[in-house]
Amino acid sequence: MDLQGWLASAVAAVAEWQEGFGPFEADPSMLVSEERFASVFAEFTGRLRDNYPFFHPSYAGQMLKPPHPAAVAGYLTAMLINPNNHALDGGPATARMEREVTAQLATMFGLDSHLGHLTTSGTIANLEALFVARELHPGRGVAFSADAHYTHSRMCHLLGIEAYPVRTDTRGRMDLDALEDLLRTGRAGTVVLTAGSTGLGAVDPIDAALPLRDRYQVRIHVDAAYGGFFTLLAGAAGRAGLPAAPWRAIAQCDSVVVDPHKHGLQPYGCGAVLFRDPSVGRFFLHDSPYTYFTSDELHLGEISLECSRAGASAAALWLTFRLLPPTPDGLGQVLAAGRRAALDWAALLGESAVLDLYHPPELDIVSYFPVTEPATLRRIDQASARILQAGMDSPDPVFVSTLRADAAAFGARHPAIGRDAAGARILRSVLMKPESENYVTKLHSRLEELAQG
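In what follows, the accompanying structure is described. This one's a predicted model, so the numbers in the text were calculated from it and none came from an experiment.

Pairs can form between side chains of opposite charge once their charged atoms are near each other. In the structure shown here, the tally under the stated rule is 17 salt bridges. Among the ionic pairs, D254 bridges to R276, the shortest N-O distance being 3.8 Å. A residue pair is termed long-range when its members are at least 10 positions apart, and D254 in the loop between α9 (244–248) and β6 (255–258) and R276 in the loop between β7 (271–275) and α10 (311–323) qualify at 22 residues. Overall, the relative accessible area of 13% leaves D254 in the buried class. For R276, a relative accessible area of 31% corresponds to the partly exposed category.

Time to look at empty space enclosed by the protein. Counted according to the given criterion, the structure contains one cavity of 30 Å³ or more. If you trace the largest cavity, you find it lined by K65, F230, H263, V334, L335, G338, D364, L431 and M432.

It is worth spelling out the environment of A353 at this point. Inspection of the secondary structure assignment puts A353 in the loop between α11 (331–351) and β8 (355–359). Residue classification places A353 among the exposed positions, given a relative accessible area of 66%. The sequence separation of A353 and E448 amounts to 95 residues, and the corresponding C-alpha distance is 8.7 Å. What A353 contacts, discounting residues up to four positions off in sequence, is V371 and E448.

Of the residues making up helix α8 (residues 206–216), those classed as buried are I206, A209, L210, L212, R213 and Y216. With its buried residues spanning 160 degrees around the axis, α8 presents them on a single face. Taken together, the buried residues of α8 touch α7 (176–184), β4 (188–194), β5 (219–224) and α9. Just past α8, the residue Q217 takes up positive phi, approximately 55 degrees.

Take the layout of surface pockets next. In this model, the largest pocket occupies a volume close to 800 Å³. What lines the largest pocket is a set of 39 residues, among which D147, A148, H149, T198 and G199 lie closest to the centre. When the residues that make up the lining of the largest pocket are grouped by side-chain class, the tally is 15 nonpolar, 16 polar and eight charged. Put simply, the second largest pocket is a space of about 290 Å³. Around the second largest pocket, the lining comprises 15 residues; the ones closest to its centre are A78, I81, T94, M97 and A315. Put simply, the parts of the chain that give the lining of the second largest pocket at least two residues each are α3 (69–81), α4 (92–109) and α10. Among the residues making up the lining of the second largest pocket, the classes are represented as nine nonpolar, six polar and no charged.

Looking now at the pairing of strand β9 (residues 365–370). With six of six residues buried, β9 is to be regarded as a mostly interior element. Judged by which residues are buried, β9 turns out to be covered on both faces: I365, S367 and F369 on one side and V366, Y368 and P370 on the other are all buried. Note that β9 and strand β11 (residues 423–430) share four bridges and pair antiparallel. The residue of β11 that forms the bridge with I365 is V430.

Turning our eyes to something else, we now look at the nonpolar core. In this structure, L179, F229 and W247 are the most contacted members of the largest nonpolar core, which totals 55 residues. When residues no more than four places from it in sequence are discounted, the contact partners of L179 are A143, V166, M174, V191 and L212. One finds V132, F144, V192 and A225 within the second-largest nonpolar core, a separate group that totals 25 residues.

A few words on the side chain of H137. By the element assignment, H137 lies in the loop between α5 (122–136) and β2 (141–145). Contact partners of H137, with chain neighbours within four places excluded, come to G189, T190, Q217, V218 and R219.

Here the focus is the packing of aromatic side chains. In the structure shown here, the tally under the stated rule is 12 aromatic pairs. Taking the centre distance of 5.4 Å and the plane angle of 20 degrees together, the rings of F37 and F41 count as stacked. You can see F37 and its partner F41 sitting in helix α2 (residues 34–48), four residues apart, about one turn around the helix. Joined through ring pairs, the aromatic side chains of Y52, F54, Y59 and F399 make up one cluster.

Quick look at the sheet that holds β8 now. Read from one edge of the open sheet, four strands run β8-β9-β11-β10, paired in antiparallel fashion. At either margin of the open sheet sits one strand with a lone partner, and together these are β8 and β10 (401–406). If you compare each strand with its neighbour and ignore which way they point, the axes differ by 45 degrees on average. Strand direction decides the pairing type here: β8 and β9, joined by four bridges, are antiparallel. Bridge assignment links L355 to a residue of β9, and that residue is P370. In the packing of α11 onto the sheet, the strands contacted are β8, β9 and β11, and the crossing angle to β9 comes to about 20 degrees. Seen against the sheet, helix α12 (residues 377–393) touches β9, β10 and β11 and runs at an angle of roughly 40 degrees to β11.

What follows concerns the pairing of β6. Covered by surrounding structure in β6 are S255 and V257 together with V256 and V258, the residues of both alternating faces. Of the strand pairs in this sheet, β6 and β7 are connected by four bridges, and their pairing is antiparallel. For V258, the partnering residue across the bridge sits in β7 and is A272.

Each value, and the rule that gives it
Residues numbered from 1 in each chain as written. Predicted model: local features only at pLDDT ≥ 70, side-chain atom pairs only at ≥ 80, totals over all residues. Heavy atoms only, no water. Salt bridge = Lys/Arg side-chain N within 4 Å of Asp/Glu carboxyl O. Helix = DSSP H or I, 4+ residues; strand = E, 2+ residues; numbered from the N terminus. Buried < 20%, exposed > 50% of the residue type's maximum accessible area, 1.4 Å probe, protein only. 1 Å grid on protein atoms, 1.4 Å probe; cavity = no way out; pocket = protein on both sides within 12 Å on 5 of 7 lines; lining within 4 Å. Points joined across faces, edges and corners; volume = space filled by probe spheres on them. Contact = heavy atoms within 4.5 Å. Arc of directions from axis to C-beta. Nonpolar A, V, L, I, M, F, W, Y, C, P; charged D, E, K, R; others polar. Pairing = 2+ DSSP bridges. Core = buried A, V, L, I, M, F, W, Y, C linked by side-chain atoms within 4.5 Å. Phe/Tyr/Trp six-rings, centres within 6.5 Å; stacked < 30°, edge-to-face > 60°. Axes fitted to C-alpha atoms, helices over the stretch in contact; angles between N-to-C directions.

This is the structure we're talking about:
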């Protein structure tokens, strides 16, 4: 895509639309000279150079990458109008787009019915799901994996409900025996299952957990903020295919969250929450005497905790989905490349004399650690920190991240490692960019060089 050309077209299209409403004189308080803007813009772009190269496959650190050019063009075009998707009269066109992309996400997860909308983040999306859970099960808490995202404990605190972390197994998944022990007490009314943990990319056994819902009368919410789009690879042929059962089971859960600003190729922030039972919208209903007046249809703000939300986010996602739909043959091919990259790197780590695989990748996150002498947690921690910094400082840089693994988790996976500390930092790489598939060999070679000092 010629992004520069399409951005110019975006400005021209909005200007043409504006001209249809007749001329008016711009207020002088808003005027800025070209010379002054040029000076400040130069300073601005100079400061933006203080960033890591999120666009480049040498950056394999956090869950960051630039949005697709279609998303950029869609966002900018709508942003010039600046619609607010809180109410239909605040963004008629983009509100319709939001409903359409939300329906596409529901179809992606196999939901037969749904109530949902976009949010500014996965955190807010999870907050809404837990808010509904609290209203349906007052006085009962929320259970989630000990390796789940920290947002759940924070949102429980915010909502004034008890949080119950549940231990994980050696695959980083929620231990269902431990969960059932908790559910027998009646203290938890909601179970959060993670489809793609942010640390290791682990997928909880969603299908195996479903029978517990009826047995103990609890809700099941799926936090698929990171991994949700991998449902497009469920049951797929080839190396990138994933076991279908956990992903197919999401359609039977009570709610699910996914972040298009991760694998959906969108700019921050764009999350989404979907409820299987549309009747839960009653918990969001409220009145706004100066807002909801142009339509008898349900306004998006009437089914959301948020008020103002950028219509540009819906526009960007709508345009992207028109080109790369959330289907196995569309966006699924982008995710498949990252999944293959992770498997390729895991194979290289299995043959390395200086790096060792910490945990087999389930999605596109690879975790590994330097081989040290002696092989102790303290030495591994020090070596991981050194490699992280050396990679960033190198003339041929490579960017990874670290993950702290406690002694018990490390020992369960690698019992020969000496436990002389409470835990150790290991190295972690997120291969979100499809270009990673052709760059993994170089990433691995560079990190082997760094590990050798």
